[in-house]
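Close look at the chain arrangement
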Amino acid sequence: MSSSKRGAFIVIEGLDRSGKSTQASLLHDRLQDRQDAGATTPKVVLLKFPDRTTAIGKMIDAYLRSESELDDRAIHLLFSANRWELASTIVAHLAQGTTVLADRYAFSGIAFSARKGLSYEWCRAPEVGLPAPDLTLFLNISPDVAAARGGYGLERYEKEEVQKGVRRVFNKIGRAVQEEGEGKWVEIDAGKTKEEVAEELWKAVEPLASGVQGSISGLWE
Ligand code: TMP
Ligand code: MG
């Protein structure tokens, strides 16, 4: 790796049942296969938001499983805080030349909360300044196709009408990210086969796989 390069920060977003976690894990393995023998730092790390293992993550988990009730703004801020508690880890990995893959990020935070009627600007505010992704891959799937894939689980947002609303906000976020130059936003048709989707993702990721130039910026800053 050239000393002027840092790791790339790549985010995978998508609706529930879009195959997002499967694809994130395939992408992780593919990037890891490029690891040089004897390298001392990992080539790639895979993070998942919400990270349910932290104290904040446990509160989020209880909320998603409907074991607790929280004000819409309170849960929004917890999801955001759950990213902030990993922000310095993300930056440290990138600075070391490690590629960071995140399964969901700030865009999910905005999409799921704005759907409830909170304003886009209010939802975005606590996300401002988080490490900015270089590339966001949005796995798009129509809620009918997603529902036909074996149905949703039992968690709070796993319902067709919720997913429809979330998808509308995601489309708005994608346009805003492109217009504001907040990294690249690539939409992938997740209705295709697992192998086809993996190839599409790889086409977008490969140019960043051996690192990127430039410093890490703050999201929307
Ligand atoms: P998961 O299914 O990827 O574990 O995510 C759990 C749910 O939480 C999913 O329905 C999306 C939602 N979510 C938010 O509402 N806000 C957020 O900031 C994140 C990361 C996820
Ligand atoms: Mg889920």
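These remarks concern the structure in this document. No experiment lies behind these values; they were computed from the predicted model shown. (Residues numbered from 1 in each chain as written. Chains lettered and ligands numbered in written order. Predicted model: local features only at pLDDT ≥ 70, side-chain atom pairs only at ≥ 80, totals over all residues.)

1. Remarks on the sheet that holds strand β6 (residues 184-189)
Across a sheet, strands are paired by hydrogen bonds formed along the backbone, either parallel or antiparallel in direction. Ordered by their spatial adjacency, five strands build an open sheet running β3-β4-β2-β5-β6, and the pairing between neighbours is parallel. Looking along the sheet, the strands with just one partner apiece sit at the ends: β3 (44-48) and β6. Going across the sheet, the axis of each strand differs from the next one's by a mean of 20°, ignoring polarity. Where strand β5 (residues 135-140) and β6 come together, six bridges link them in parallel fashion. Within the sheet, the bridge partner assigned to Asn140 lies in β6 and is Asp189. (Pairing = 2+ DSSP bridges. Helix = DSSP H or I, 4+ residues; strand = E, 2+ residues; numbered from the N terminus. Axes fitted to C-alpha atoms, helices over the stretch in contact; angles between N-to-C directions.)

2. Let's talk about unusual backbone geometry
Note that the residue after Phe49, namely Pro50, is joined by a cis bond; omega there is 0°. With respect to the secondary-structure elements, Pro50 resides in the loop between β3 and α2 (55-64). In the Ramachandran plot, Arg17 falls in the positive-phi region, its phi being about 70° despite a non-glycine side chain. You can see Arg17 is positioned in the loop between β2 (9-14) and α1 (20-32). Notably, Arg104 is not glycine yet its phi reads approximately 75°, a positive angle. Along the chain, Arg104 falls in the loop between β4 (99-103) and α4 (106-114).

3. Description of the site of ligand 1
Asp16, Phe49, Pro50, Leu64, Phe79, Arg104, Ser108, Gly109, Phe112 and Tyr157 make up every residue found near ligand 1. If one sorts the elements of the shell around ligand 1 by residue count, α4 sits on top with three residues. When grouped by side-chain class, the residues that make up the shell around ligand 1 number six nonpolar, two polar and two charged. (Near = placed C-beta within 6 Å. Nonpolar A, V, L, I, M, F, W, Y, C, P; charged D, E, K, R; others polar.)

4. Quick look at the packing of α2 against helix α3 (residues 72-95)
Two numbers describe how α2 lies on α3: the axes approach to 9 Å, and their chain directions differ by 145°. Crossing angle aside, the handedness with which α2 passes α3 is left-handed. Contact with α2, carried on its side by Ile56, Gly57, Met59, Ile60 and Tyr63, involves Ile75, Leu78, Phe79, Ala81, Asn82 and Glu85 of α3 and no other residues of that element. Among the residues forming the contact of α2 with α3, the class breakdown is eight nonpolar, two polar and one charged. (Left-handed = near helix turned anticlockwise from the far one by under 90°. Contact = placed C-beta atoms within 7 Å.)

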